[in-house]
Amino acid sequence: RKPLRSHSSSTFDCNLPTMKLAIATLLVGSAAAFSPAATVSRNSALSMSTATEEKTYAKLPASVTSGVVTGQALVDLLDAAKDQGYAIPGVNIVGTNSINACMEAAAKYGGPIMVTFSKGGGQFIAGKSLPNDADQASIAGTIAGAKHVHEVAKLYGVPVVLHTDHCQKAWLPWIDGLLAASEEHFAKEGVPLFSSHMLDLSEEPLEENISICKSYLEKFAKVGILLEFELGVTGGEEDGVDNTDVDSSRLYTQPEEVFYSYEQLSQVENGAFTCAASFGNVHGVYAPGNVDLQPIILYNSQKYIQEKIGSDSDKPMKFVFHGGSGSSVEDIQYAIGAGVVKMNIDTDTQWAFWDGVRAYEAKYHDYLQGQIGNPEGDDKPNKKYYDPRMSLRAGEESMAARLCKAAEDLKCVNVLN
C-alpha cells in the first residue's frame, strides 16, 4: 500500500478501498469495546465498587445505616446516643490515612464515628503549596476528603458523620464553599455532601453569634445539614484558633445563654443543632489537675431549658464536648450524663499517629539508613521497609488503637448491635 499524499485526488481514489477496510476494522474494534460483554464487565466492576449493601443496626433507629449519615438519620443517631448514654468520638483528620484510621477504629469498637475536617486540614489535603488567599485550597481539600469518605464509608460497615470544625466569622467563606458543594450534591443525590458544620462565633456578642448561626441554619435545614454552635470559649490552642490567654470567666457558659440560643434556633423550620457550651474545657494536653472542668454547668442548663419550655425530657439540648484532652474519665462520663453526644479528639490522636510512626522507625532503624544494606547483608535491599505505606500504616494502626480506648471512655463500644 502506497502512502497517502495530500492534495492528490487520484491517489486518494486509488486507496479508498484500503481506507474503507481500515475504517471498518477500526469500527469493528470499537464496537467490540462497547459490546454487551465488555459493558457488562465494566458495569460489574462498577457495581462491585459502589453497590455495597447498607447495614442497619439492632440498637439504632432504622433510619441510621452504614455509610455517611445526614438529615433526619443524623438527628436520630444523636438522639439515640443521648438516650442510651454514650458520646461519639469526633476526630480531626488531615488526610486519607487519618480518615481511614477513624473508620477502622469504629468498625473495631462497634460504634459510629465523626470524621472532622478543620479549615487547615482541608488545606493540607489539597496541598500546602497551593494558594489559599480565598480559601480555595481549604474548600477543595475538604470537599475532596468528604468525597473519599462517601466512596469508602459503607465498606467499613459503620455510621459515619461528616463534620467540619471551628469556623470563625472571618472564615465563613470556607463554609459558604462547602455549603455550595452540599447543595449541588443534594440536587443530584437527595442528600448533602456534609452531615454537619460547626460555626464558632463565640468571640462575637451573643446576639450576633446566634443571629449569624440562625441565618446559616436556615440554609442548612433546606438540605439536611446539622449546625453545631459554640457558646463561651474553649481554652487552649488548636489548628489556628488560639485562646490561651482568654479571660477565665469566658470558659464557663451560663444557662441563660444556652436557653436564648435554644429558643432562637428552634424557630428555624426543620433546623437541627447541637451546642458546644464551655464548661472549663481546653484544647491541647495538660497534666492532671490543670483543667478545672465544671460539667455541672451542662446539667444546670438542661434543667433551665426544661423548666422554661415545659419539656418532658430532662435533656432537651444536645451538647458536644470540645477540648477533652487532660480530662478525667469520670468528668467525661459525668458530662455524657448531661446530654453530651460527641466529644472532639485531636491532640491525643495526633500523638498516637506519630507514636506509631516513631515506633516503626525505632524497630526498623537499621533497615532505614539507605536503599541498600542492612544487618542481613551489605547488598540487601530495603525497599519494603522505606516504602511510605509501611510507616503510614503503623501510624494508622496506632491511631485506631487510641480511638478504641477513647470509645471505651465515651461508652461508645458495641452500641450498634
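Criteria and cut-off values
- Note on numbering: residues in each chain are counted from 1, in written sequence order.
- In keeping with the model being predicted, local features are shown solely for residues with a pLDDT of at least 70 and side-chain atom pairs are shown and tallied solely at 80 or more, while totals for entire chains, interfaces and linings include all residues.
- Side-chain metrics rest on all non-hydrogen atoms present in the structure, leaving aside hydrogens and water.
- Under the scheme used here, helices are H or I runs from DSSP no shorter than 4 residues and strands are E runs no shorter than 2 residues, and both carry numbers assigned from the N terminus.
- Exposure categories follow from relative accessible area, calculated using a 1.4 Å probe and restricted to protein chains: below 20% of the type maximum is buried, above 50% is exposed, and the middle band is partly exposed.
- The Shrake-Rupley method, run with a 1.4 Å probe sphere, supplies the accessible areas, and residue values consider only the shown protein chains as cover.
- By nonpolar core is meant a set of buried Ala, Val, Leu, Ile, Met, Phe, Trp, Tyr and Cys residues that side-chain atoms within 4.5 Å join together.
- Throughout, a residue-residue contact means that at least one pair of heavy atoms, one from each residue, lies within 4.5 Å.
- Each helix should span, by expectation, one fewer than its residue count multiplied by 1.5 Å.
- We call two strands paired when DSSP finds no fewer than two bridges between them.
- We call a crossover right-handed when, viewed with both strands directed away from the observer, the connection leading from the first strand over the helix to the second proceeds clockwise.

(A) Inspection of the overall build of the protein chain at higher detail. Counting secondary structure elements, the protein chain contains 15 helices and 13 strands. For the protein chain, the residues scored as buried account for 49% of the 417 residues in total. Surface accessibility of the protein chain: about 19900 Å² in total, with carbon and sulfur atoms responsible for 54%.

(B) Here's a closer look at the nonpolar core. One finds Y86, L199, L227, F229 and M317 to be the most contacted residues of the largest nonpolar core, which totals 102 residues. With eight residues, helix α9 (residues 206-223) is the largest single contributor of residues to this core. Those residues in contact with Y86 that sit more than four places away from it in its chain are L60, L77, A80, A81, P112, I336, V340, V341, L410, K411, C412 and V415.

(C) Highlighting helix α15 (residues 388-409). The end-to-end C-alpha separation of α15 is 32 Å, in line with the 32 Å expected for 22 residues at 1.5 Å each. Within α15, the full set of buried residues consists of A394, G395, E396, M399, A400, L403, C404, A406, A407 and D409. The secondary structure elements touched by the buried residues of α15 are β2 (88-93), α5 (96-109), α12 (329-336), β11 (340-345) and α13 (347-363).

(D) Looking closely at the pairing of strand β4 (residues 159-164). The element β4 is largely enclosed, with a buried count of six among its six residues. With burial as the criterion, each face of β4 is covered, one bearing P159, V161 and H163 and the other bearing V160, L162 and T164. When strand β1 (residues 67-68) meets β4, the two strands line up parallel, connected through two bridges. By the bridge assignment, V68 is partnered in β4 with V160. Taken together, the five bridges between strand β3 (residues 113-117) and β4 define a ladder with parallel strand orientation. When the bridges of β4 are listed, V115 appears paired with L162. As defined by bridge partners, β4 adjoins strand β5 (residues 196-199) across two bridges and the pair is classed as parallel. If you follow H163 over to β5, its bridge partner there is S196. Crossover β4 to β5 through helix α8 (residues 172-189) is right-handed.

(E) Just unusual backbone geometry, in detail. Backbone geometry at D135 places phi at a positive 65 degrees, although glycine is not the residue there. Tracing the chain through its elements places D135 in the loop between α6 (119-126) and α7 (136-156). Within the chain, N270 stands out as a residue other than glycine whose phi angle is a positive 65 degrees.

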